[in-house]
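If you want the building blocks of each chain, they are given just below.
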Protein chains: 2
Amino acid sequence: MKESTTLSEAYKHAKYPIVGHGKRNVQVLKEALEQYDGDLDSDMYGSGSIIDEFQERMAELLGKPTAVFFPSGTMAQQIALRIWCDEAGLRKVAYHPLSHVEIHEKDGMKELHHLEPVLLADETRPVLLADVLGMEEGIACLLLELPQREIGGQLPEYAELEAISAHCRDKGVKLHLDGARLFEILPYYDKTAEEICRLFDSVYISFYKGLGGIAGAVLAGDREFTEQSKIWKRRHGGDLISLYPYILSADYYMKLRLPRMEQYYREAKELASQYNQSHAIVTIPQVPVSNMFHVHVEMPKEKLEPILVAICEQTDIGFTSWLREIDEKSCVFEVNIGDRYALLPQDKLREAFLLLDERLRNGA
Amino acid sequence: MKESTTLSEAYKHAKYPIVGHGKRNVQVLKEALEQYDGDLDSDMYGSGSIIDEFQERMAELLGKPTAVFFPSGTMAQQIALRIWCDEAGLRKVAYHPLSHVEIHEKDGMKELHHLEPVLLADETRPVLLADVLGMEEGIACLLLELPQREIGGQLPEYAELEAISAHCRDKGVKLHLDGARLFEILPYYDKTAEEICRLFDSVYISFYKGLGGIAGAVLAGDREFTEQSKIWKRRHGGDLISLYPYILSADYYMKLRLPRMEQYYREAKELASQYNQSHAIVTIPQVPVSNMFHVHVEMPKEKLEPILVAICEQTDIGFTSWLREIDEKSCVFEVNIGDRYALLPQDKLREAFLLLDERLRNGA
C-alpha cells in the first residue's frame, strides 16, 4: 500500500474488517432473492400477499395490532410524529438532541410537517425519567431511541423505561419507539420485542442495521394509526408499486440474524473490553448494552489515522473506516458487531491490539 | 372456470393477456440482477458509482446538466413543484385536473408542501396553448403530463408544445414535464428525449411504465435544482441507503425496451384500429399517439364483464383485467402495449375480436 492510503481505503481492502456483517454489495440482494420463487407476485402499491403477510408477521413480533412496511425510517418516524400531533391538536414532540429526526433528516419533520422539537437530556446520556418529569406542557409525543446510537448506543435501565411509559400514559403523551436497533438490545434487557413494545404507542424498526437487509422499515401500532400512516406514506411518495426487493431481503436476513443478537452482544462486550485495556482508549458505554459502542481515543484524528492504516497493513485487521474528531486532542469511532467478528483470526486480532496499545503509549 | 370468475381472475389466468410486458413478479428483478456482478458495491445514501453513473447517463439522455434518482415519481414531482414555488416566492402551480399529483397522491402536494393547484383544460382533452395564455397571474410552475394518461394518453401537437414553452419562458413561469411515459411518445413526435426536454425546465421520468422496471424515477434539471431536490429527497425519506434494486432494474429494462418504443406505438395503432372496428366501441385517442389508449364501450360495466370473461375462456385472449364505469350505459378500460402483444397468436386475437363484435351487436 502507498503511504497516502486513507483509512477508508485501508479498511475497504482489509482482509479482516471488524465491523458489520460484510460488504454492502449486490450479492446481498442476490443471496436473499435465491430463497424466493420467481413466480411470486410483486406487491402492488402496498397490497398483495408478499407485503400483507410480512406486515402481519411484524405486527405479531412487535405485539401490535398492525404494521406497515415503509421504504425508510425517516419517512416512517416523521409520519408517526405527525399523526400523534394531529390527534392531540398539538405541534410539539420531545426527543434526544442527537435523535435521527433532529440531525440526519435535513429537518424534514420541521419543513414538511411543521412540528417543533423539545430537546431532552444531553449529548452524554440518554433520556431519563427526570427529563420526562420536567417536560413542558403541550407535548403530543415523546420519541425514545433505544439504544441511543449517537452516544454509543446507551440505554436507560428497564425500570426507568417502565416509569417513563407509565408517566406518559398518565399525562396523555404518546410514546414512540425509534427501534432502529430494537433487536440488538433484547439480550441486555432480557425481554422480548413484544414486551418492550408494550411500553410504546407506536414503534419503528429498521431492517438494515443489525439485521443487515437492503433498506426498509416497519411502523407498528393500532389499526387507526397504521391506516393513517398509509395515507401519509402515499403523500410522502413512499407507497411504491413494488417494495418487495426490500421486503424479501428483510424477511431473509431477519430469519438469519435475529437468533444471532445474543452472540453479537456478547462479542461486543468482549471487543469493548479489549479496547478498554488499550492505552488512551475508553469505550462508551464502557460495557456495551447492545451490539454497538463508541471508541474514544485520546489522540488527534490526524495522528491516529496513519497508525490504524499501518496496523491494517501489518495485521490485515481493519479497526474502523473512519474517525470523527472530537477536539484537537481526541477522536471517536463507532463499532457495530455483526457476522464478521466471529470470523476474525484471534491471533491477528491480538497482534493488532498489541500494536495499537504500543503505538498509543508511544504517542505516535 | 367457474361461472363466478371475475374479470380480474380471468385475465390473470389468461394464456394470452394483451396488455403490458408480462407478470409483475420476483422473476423481473431476478432477471435484471443476473446481468450484474455480485461484488458491485451498493449505492450509499445517494452516493457511489452505481447511482452516480446511472444519473449521469440519464442526464445525458434527457439533455439536462444533472439528474437524481428517486424511489417514486410522487416524491420527485412534489419536490420539483416545491423548488420552483420557493424560487418564485409563490404557492400556485398549474396542471390538468386529472394529473397524477391531483388525483393519485392523497393531496401530498397540498398537505406536505402547501402548494395550490390551478386546474387547466378539462377531462376531454390535454392542456393547450389557449389554456396557458388564459392562466391567472402568480403561477410559479406549469406541469404538463405527456401523454396525459387519464384521458387515454392524449398529446398536444408538437408546435403547440413549443408555443406553450415559449410563452412560459416569456412569462417567467417554470415548465415541468411529467414524463412518466416520455419514451412512449418519441415515435409519434419523431423527436429525441433531449429535444422534448429542451422545452422544459425540469423533467421527471419513470422506470416502471413502458420500460417495465421494478419502481423508481429520475428528476432532471440544472445543478442548483437537482442539488435542492436531494435535500428534499432526504426530508421526504427517499434518500435510502440502497436504491440499487430499482436502479439496476431501470438500467437493464431501459436498455432492453427503449429500442422497442417504435414497435409498441405501431402495435397500439393496429390494436386500436381493431377495437374501433368493433360495434359500440371507440378508442381515445382514436389513433393512438403512444403505446397506450382507452377503450370506451357503450355497454354497462356489469354486462360487459361476463362477456369478456367468456371470451377469455373460449379464446385464451385477455382483453383487460378491469373495467371502470363511466355511467349506467358505458364503461372504459386502459390498454398499454408492451412485450406481450407481439407474442399473441393472431388467429386467437381475430377470433376474440369476432366474438366481441358479435356479443356487443347482440347487446349481451
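Definitions and cut-offs
Residues numbered from 1 in each chain as written. Chains lettered and ligands numbered in written order. Predicted model: local features only at pLDDT ≥ 70, side-chain atom pairs only at ≥ 80, totals over all residues. Heavy atoms only, no water. Helix = DSSP H or I, 4+ residues; strand = E, 2+ residues; numbered from the N terminus. Rg over C-alpha atoms; globule rule 2.2 N^0.38 Å. Buried < 20%, exposed > 50% of the residue type's maximum accessible area, 1.4 Å probe, protein only. Contact = heavy atoms within 4.5 Å. Areas by Shrake-Rupley, 256 points an atom, 1.4 Å probe, with all protein chains shown as cover. Least-squares fit on C-alpha atoms with pLDDT ≥ 70 in both. UniProt positions renumbered as here; feature names shortened; annotations may be inferred. Pairing = 2+ DSSP bridges. Axes fitted to C-alpha atoms, helices over the stretch in contact; angles between N-to-C directions. Expected span 1.5 Å × (residues − 1). Domains from an automatic or database assignment. Buried area = accessible area lost by both parts, 1.4 Å probe. Salt bridge = Lys/Arg side-chain N within 4 Å of Asp/Glu carboxyl O. Polar contact = N/O pair within 3.5 Å; in protein donor to acceptor, adjacent residues only side chain to side chain. Nonpolar A, V, L, I, M, F, W, Y, C, P; charged D, E, K, R; others polar. Parallel < 35°, antiparallel > 145°, perpendicular 65-115°, else oblique. Left-handed = near helix turned anticlockwise from the far one by under 90°. Phe/Tyr/Trp six-rings, centres within 6.5 Å; stacked < 30°, edge-to-face > 60°. Patch = residues over 30% accessible without salt bridge, like charges linked within 9 Å, V, L, I, M, F, W, Y side chains within 5 Å. Lys, Arg positive; Asp, Glu negative; His and termini not counted. Charge placed at Lys NZ, Arg CZ, Asp CG, Glu CD. Disulfide = S-S within 2.5 Å.

S.K.: Tell me about the overall build of chain A, and name the residues and values.
M.R.: Along its length, chain A carries 16 helices and 13 strands. In terms of overall size, chain A behaves like a compact globule, its C-alpha atoms giving a radius of gyration of 21 Å where 364 residues would be expected to give roughly 21 Å. If one aligns the C-alpha atoms of chain A with their principal axes, the spans along those axes are about 60 × 55 × 35 Å. Across the 364 residues of chain A, 60% fall into the buried class. Within chain A, contacts between residues separated by at least 24 positions form 75% of all contacts whose residues are at least 6 apart in sequence. Total accessible area computed for chain A in this model is approximately 14300 Å², and 47% of it derives from carbon and sulfur atoms.

S.K.: Help me get a handle on the relation of the copies chain B and chain A, residues and values and all.
M.R.: Of the transformation placing chain B onto chain A, the axial shift is 0.0 Å and the rotation is 180 degrees, giving an RMSD of 0.0 Å. As the rotation angle and translation indicate, the two copies are arranged about a two-fold axis.

S.K.: Any details on the UniProt feature "domain: Aromatic amino acid beta-eliminating lyase/threonine aldolase" (unreviewed entry) in chain A? Residues and values, ideally.
M.R.: Per the UniProt record, the feature "domain: Aromatic amino acid beta-eliminating lyase/threonine aldolase" (unreviewed entry) sits at residues 41–295 of chain A. Measuring from the first to the last C-alpha atom of residues 41–295 of chain A gives 45 Å, for a span that is 45% helix and 17% strand.

S.K.: Residues and numbers for the sheet that holds strand E9 (residues 281–284) of chain B, please.
M.R.: What links the strands of a sheet is backbone hydrogen bonding, and the strands pair in either a parallel or an antiparallel sense. Residues and elements named next belong to chain B. An order of E9-E10-E13-E12 is seen for the 4 strands of this open sheet, with the pairing classed as antiparallel. A single partner strand is all that each edge strand has here, and the edge strands are E9 and strand E12 (324–327). Strand after strand, the sheet turns through a mean of 30 degrees between neighbouring axes, direction not considered. Where strand E10 (residues 292–297) meets strand E13 (residues 330–336), 6 bridges bridge the pair, whose relative direction is antiparallel. Within E13, the position partnered with Val297 by the bridge is Cys331. Across the sheet, helix H14 (residues 301–315) lies against E10, E12 and E13, angled at about 145 degrees from E12, the strand it touches most.

S.K.: An account of helix H16 (residues 346–362) of chain B is needed here, citing residue identities and associated values.
M.R.: All names here are of chain B. An ideal rise of 1.5 Å per residue puts 24 Å on 17 residues; H16 measures up with 24 Å between its terminal C-alpha atoms. Turning to H16, its buried residues are Leu349, Ala352, Phe353, Leu355, Leu356, Asp357 and Leu360. The elements touched by buried residues of H16 are helix H13 (261–276), E9, E10, H14, strand E11 (317–318) and helix H15 (339–342).

S.K.: How would you explain the domain arrangement of chain A if you had to name every residue and give the values?
M.R.: Residues and elements named next belong to chain A. One can read the domain layout of chain A as domain 1 (7–22 + 260–362) and domain 2 (43–241). Note on domain 1 versus domain 2: buried area summed over both sides is about 1300 Å², and carbon and sulfur give 62% of it. The largest share of the area that domain 1 buries against domain 2 comes from Met261, Val289 and Met292, three residues that together contribute 42% of it. Counting the contacts that link domain 1 with domain 2 gives 1 salt bridge. Among the ionic pairs, Glu334 bridges to Arg149, the shortest N-O distance being 2.7 Å.

S.K.: Describe the sheet that holds strand E2 (residues 66–70) of chain B, listing the residues and the values that go with them.
M.R.: Residues and elements named next belong to chain B. In spatial order, the strands read E2-E8-E7-E6-E5-E3-E4; together these 7 strands make up an open sheet with mixed pairing. Each edge of the open sheet is held by one strand with a lone partner, namely E2 and strand E4 (116–119). Direction aside, neighbouring strands of the sheet carry axes that sit 20 degrees apart on average. As defined by bridge partners, strand E7 (residues 202–206) adjoins strand E8 (residues 217–221) across 4 bridges and the pair is classed as antiparallel. Each bridged residue has a counterpart across the sheet, and for Ser206 the counterpart in E8 is Ala217. This element, helix H11 (residues 223–236), spans E2, E7 and E8 of the sheet and lies at about 20 degrees to E2.

S.K.: Got a sec to walk through the interface of chain B and chain A? Specific residues and values, please.
M.R.: Across the boundary between the two partners, chain B contributes 52 residues, which contact 52 residues of chain A. Summed over both sides, the interface between chain B and chain A buries roughly 4100 Å², with carbon and sulfur atoms accounting for 59% of that surface. Put simply, chain B and chain A have 2 salt bridges between them. Taking the shortest distance from any N to any O, the salt bridge between Lys12 of chain A and Asp41 of chain B comes out at 3.0 Å. Between the two partners, chain B and chain A, sit 34 residue pairs in polar contact (both at pLDDT 80 or more). Sorting the residues of the side of chain B that touches chain A by element identifies helix H2 (26–33), helix H4 (73–88), helix H6 (108–113), H11 and helix H12 (244–257) of chain B as the ones contributing at least two each. Per element, the largest residue contribution to the side of chain B that touches chain A is 6 residues, and it comes from H2 of chain B. The residue makeup of the side of chain B that touches chain A, split by class, is 24 nonpolar, 14 polar and 14 charged.

S.K.: Describe the pattern of salt bridges, naming the residues involved and giving the relevant values.
M.R.: When charged atoms on two side chains of opposite charge get close, those side chains can pair. All names here are of chain B. All told, the structure shown has 40 salt bridges over all chains when counted by the stated rule. Residue Arg82 pairs with Asp86 through a salt bridge whose shortest N-O separation is 3.1 Å. Here Asp86 and Arg82 lie together in helix H4, a separation of 4 residues that amounts to about one turn. A salt bridge links Arg257 to Asp339, with the shortest nitrogen-to-oxygen separation between them at 2.8 Å.

S.K.: For the packing of H4 of chain B against H11 of chain B, give the residues involved together with the corresponding values.
M.R.: Residue and element names in this part refer to chain B. It is the contact of H4 with H11, at a shortest axis distance of 9 Å, that shows an interaxial angle of 125 degrees. Looking at the two axes, H4 sits oblique to H11. When the axes of H4 and H11 are compared, the crossing they make is right-handed. Facing Met75, Gln78, Ile79, Ala80, Arg82, Ile83, Trp84 and Asp86 of H4, the residues of H11 in contact are Phe225, Gln228, Ser229, Trp232, Lys233 and His236. Among the residues forming the contact of H4 with H11, the class breakdown is 7 nonpolar, 4 polar and 3 charged.

S.K.: Which residues make up the packing of aromatic side chains, and what values do they have?
M.R.: Residues and elements named next belong to chain A. A full pass over the atoms with the stated rule returns 27 aromatic pairs over all chains. Ring geometry for Tyr275 versus Phe353: centroids 4.9 Å apart, planes at 75 degrees, classification edge-to-face. Here Tyr275 is found in helix H13 (residues 261–276), whereas its partner Phe353 is found in helix H16 (residues 346–362), with 78 residues between them in sequence. An identical accessibility class is assigned to Tyr275 and Phe353; each is buried.

S.K.: Just give me the short version of a negative patch on the surface, but keep the residues and values in it.
M.R.: Residue and element names in this part refer to chain A. A grouping of Glu298, Glu302, Glu325, Asp327 and Glu328 is seen on the molecular surface, where their side chains present a negatively charged patch. Position of Asp327 relative to the elements: it lies in strand E12 (residues 324–327). On the basis of relative accessibility, which here comes to 34%, the residue Asp327 falls in the partly exposed class.

S.K.: I'd like a description of the side chain of Glu184 of chain A, backed by residues and values.
M.R.: Among the structural elements, Glu184 of chain A can be located in helix H9 (residues 182–189). From its side chain, Glu184 of chain A meets the backbone nitrogen of Gly210 of chain A in a polar contact 2.8 Å long.

S.K.: I'd like to hear about the pairing of strand E8 (residues 217–221) of chain A, residue by residue, with values.
M.R.: All names here are of chain A. E8 sits mainly inside the fold: 5 of its 5 residues count as buried. Burial along E8 is two-sided: the face carrying Ala217, Leu219 and Gly221 and the face carrying Val218 and Ala220 are both buried. Relative to E8, strand E2 (residues 66–70) runs antiparallel, the two sharing 5 bridges. Paired with Val68 across the strands is Leu219, a residue of E8.

S.K.: Go over the state of the cysteines, please, and point to the residues and values.
M.R.: Enumeration according to the criterion identifies 0 disulfides over all chains in this entry. Unpaired in this structure, Cys168 of chain A has its nearest cysteine sulfur neighbour in Cys141 of chain A, at a distance of 8.3 Å.

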